[in-house]
Amino acid sequence: MYSSKEHGFFSISGNLATQYVQAVGWAMASAIKGDTRIAAGWIGDGSTAESDFHAALVFASTYKAPVVLNVVNNQWAISTFQGIARGGSGTFAARGLGFGIPSLRVDGNDYPAVHAVAKWAVERARRNLGPTLIEHVTYRAGAHSTSDDPSAYRPKAESDAWPLGDPVIRLKNHLIHRGVWSDERHAQAEAEILDTVISAQKEAEAHGTLHSGNKPSMRDMFEGVYETMPPHLRRQRQQAGV
Amino acid sequence: MPRKTMIEAIRDAMDVSMARDDNVVVYGEDVGFFGGVFRCTQGLQAKYGKNRCFDAPINESGIVGTAIGMAAYGLRPCVEVQFADYVYPAYDQIVSEAARLRYRSNGDFTCPIVVRMPTGGGIFGGQTHSQSPEALFTHVSGLKVVVPSNPHDAKGLLIAAIEDPDPVIFLEPKRLYNGPFDGHHERPVTPWSKHELGEVPDGHFVTPLGKAAVRRPGAAVTVLAYGTMVYVAEAAAEETGIDAEIIDLRTLLPLDFDTIVASVKKTGRCVVVHEATLTSGFGAELSALVQESCFYHLEAPVKRVTGWDTPYPHAQEWDYFPGPARVGRALIETMEA
């Protein structure tokens, strides 16, 4: 999995909601040490049903942790509509209010609005005023994963009918309207970004892929389970013949 | 040398660690102001402040989950789960997160946390205050699992666990908190002040993880035990007159393989004892290891004496608990086999 401690980017896990609590713990540690750094965590609408979402909110609330807790409400948790996780609560933002956490609901496809809300929440955390919950209302236009087929559970045209639009197009139109951007500059920026992504992909693949080979060795599999390899793992590595 | 109860020794280990390293923090349910239901953290909040020793909401997943976040930041949290029976809500955090963080991030982030919890029976705690869930943790790569059996080791092992760079599950046999217990529940409790292993050095020392201790040298049969069962095995050896060699494993993961194998090769017989249920218990692992490594030295099948495969009962606690009579019978049968 990918992470970058240098950039403050934590290692992502496939277990849902577990890391929401960890973000709160990281923020608590920062406060304990008198540090000014803050934490931010993201969770999907579906995962707010996990117990760890509620654990994160109670710990954030009790210790006034300097953390920004984001809920990305993209309407669909694989095949289930967000109402399955939300239940009788009017909004996901309302979940925070029960914990006494200031909570905001923002058009997640409106870049300046998201920026303004995030800035406010970050400022609150930096001033040690405690956590903020932000519900970002958006829409998952694509499939959940490569094995997912959204046409099996929602109308094919639903994403076209989504009223809040594409966030990139909206930002582009907003900037052009303000006279600080143009279609030509946009096309150029898109080409540059695509180029950056493709070069990054090429660089990453140069280290090896599952298909091209150049995989890490079998011997490496036994490394990094513990800081120092215990005797039973050394024996198993020997048994494996590496 | 001063004698301490296991509770005092555990508290001393946290005190010493907190004094040596500002990054050590201690929290859990009732842990702060009150000092924990077994009083293991008594006085630590008064001494180190509410920032370093505090009460947590009743949410085990939240306690362990925040500890993982704190460890990623650079702290060394030593958290308490009030009873091992209550650790299950935190299992996902322990198994999927704490145990795998180093591996998943290729060492970018690590998780030097200790999760302490009282374990085992013998206190009329019934099914939700008596369980021994060690095998749920020994089955998880990336964890270390420790079970001390006396105040001296409890202090040394806990300091080692707090200083360890990887996550440690620290199971404290609660029936041993105030004195050794050999399963003779009808007899008065012997306090640690009357036992030589109640002697605990002051200040900093470590008992290394992964090293077993031979509690009673013997030539006839090896008994593999940990926690409370060490004293039950001692009583059984005494009462049957069998010259058993009793090994206190102290750390279940990583296991002191060499000490176990050397002893079984010497005695040619092995009995494994634990309080936890039989099926898929840690005894199955020990028994398999002994069979794989000592088969041609064995003169009898490896025998297991454990709790029965039932929920931990309340009224029938002493029918469930593998006491000295059952362990003694197993020793005799193994000698006669």
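Check the entry above for the structure.
Sequence order as written defines residue numbering, which begins from 1 separately in each chain. Written order determines the labels here, with chains lettered from A and ligands numbered from 1. Local features in this predicted model are restricted to residues of pLDDT 70 or higher, and side-chain atom pairs are both shown and tallied only at a pLDDT of 80 or more, whereas totals for entire chains, interfaces and linings draw on every residue.

Student: What's the story with the overall build of chain B in this structure? I'm lost.
Tutor: Secondary structure follows DSSP: runs of H or I at least 4 residues long count as helices, runs of E at least 2 residues long count as strands, and numbering of each begins at the N terminus. A tally of regular secondary structure across chain B gives 12 helices and 12 strands. Whereas a compact globule of 337 residues would reach a radius of gyration of roughly 20 Å, chain B reaches 19 Å, a difference of no more than 12%. In terms of principal-axis extent, the alpha carbons of chain B reach across some 60 × 45 × 40 Å. The exposure scheme places C-beta atoms from the backbone and then counts, for each residue, the other C-beta atoms within 10 Å of its own, assigning buried at 20 or more, exposed at 12 or fewer, and partly exposed in between. A burial count over chain B gives 59% of its 337 residues as buried. Here the contacts in chain B between residues at least 6 apart in sequence split such that 77% fall between residues at least 24 apart. Atoms considered for the radius of gyration are the C-alpha atoms alone. The globule rule reads 2.2 Å times the number of residues to the power 0.38. Contact between two residues is assigned whenever their backbone-derived C-beta positions fall within 7 Å.

Student: Before we go on, may I ask you to explain the nonpolar core in this structure?
Tutor: Soluble globular proteins: nonpolar side chains tend toward being buried together. Core analysis: the largest hydrophobic core is formed by 139 residues, its most contacted members being A:Val67 and B:Ala233. Per-element accounting of this core gives the leading share, 10 residues, to helix α1 (residues 18–32) of chain A. In this structure, A:Val67 is in contact with A:Ala23, A:Val24, A:Ala27, A:Ile38, A:Ala39, A:Ala40, A:Gly41, A:Ala60, A:Ala125 and A:Pro131, ignoring residues within four places of it in sequence. Put simply, a nonpolar core is a cluster of buried Ala, Val, Leu, Ile, Met, Phe, Trp, Tyr and Cys residues tied together by C-beta atoms within 7 Å.

Student: Sorry if this is basic, but what is going on with the pairing of strand β2 (residues 67–73) of chain A here?
Tutor: One face of the sheet, then the other: side chains in a regular strand alternate in exactly this way. Residues and elements named next belong to chain A. For β2, the buried fraction is high: six of the seven residues fall into the buried class. Here a strand pair is declared whenever DSSP counts at least two bridges between the two strands. Across six bridges, the pairing between strand β1 (residues 39–44) and β2 is parallel. In the sheet register, Trp 42 faces β2, and the bridge partner there is Asn 70. Handedness of a crossover is defined as follows: orient the strands so they point away from the viewer, and if the path from the first strand over the helix to the second runs clockwise, the crossover is right-handed. The parallel pair β1 and β2 is bridged by helix α2 (residues 51–63), and the resulting crossover is right-handed. By the bridge criterion, six bridges tie β2 to strand β6 (residues 132–137) in an arrangement that is parallel. By the bridge assignment, Asn 70 is partnered in β6 with Ile 134.

Student: How should the interface of chain A and chain B be read in this particular structure?
Tutor: It is common to give the size of an interface as the accessible area that goes away when the parts come together. Facing the 31 residues of chain A at the interface are 36 residues of chain B. A total of 11 residues in the side of chain A that touches chain B trace back to one element, the largest contributor, which is α1(A). The residue makeup of the side of chain A that touches chain B, split by class, is 16 nonpolar, 12 polar and three charged. Any residue that is not Ala, Val, Leu, Ile, Met, Phe, Trp, Tyr, Cys, Pro, Asp, Glu, Lys or Arg is counted as polar, Gly included; the first ten are nonpolar and the last four charged.

Student: Whenever I open this one, helix α3 (residues 60–73) of chain B confuses me. Can you help?
Tutor: In an α-helix, one turn spans 3.6 residues, which is why side chains three or four residues apart end up on the same side. Residue and element names in this part refer to chain B. A helix's residues, less one, multiplied by 1.5 Å, set its expected span. The terminal C-alpha atoms of α3, which comprises 14 residues, lie 20 Å apart, in line with the 20 Å expected from a rise of 1.5 Å per residue. The element α3 is largely enclosed, with a buried count of 14 among its 14 residues. Phi turns positive, to about 130°, at Gly 74, one or two residues after α3.

Student: What exactly am I supposed to notice about the sheet that holds strand β5 (residues 103–107) of chain A here?
Tutor: The strands making up a sheet associate through backbone hydrogen bonding, with each pair oriented either parallel or antiparallel. Residues and elements named next belong to chain A. Strand order in this open sheet of four strands is β1-β2-β6-β5, and the pairing throughout is parallel. Every interior strand has two partners, whereas the edge strands, β1 and β5, have only one. When the angles between neighbouring strand axes are averaged without regard to direction, this sheet yields 20°. The axes are straight lines fitted to the C-alpha atoms, using for helices just the contacting stretch, and the angles between their N-to-C directions are given from 0 to 180°. Taken strand by strand, helix α5 (residues 111–126) contacts β2, β5 and β6, and its axis lies near 170° from that of β6.

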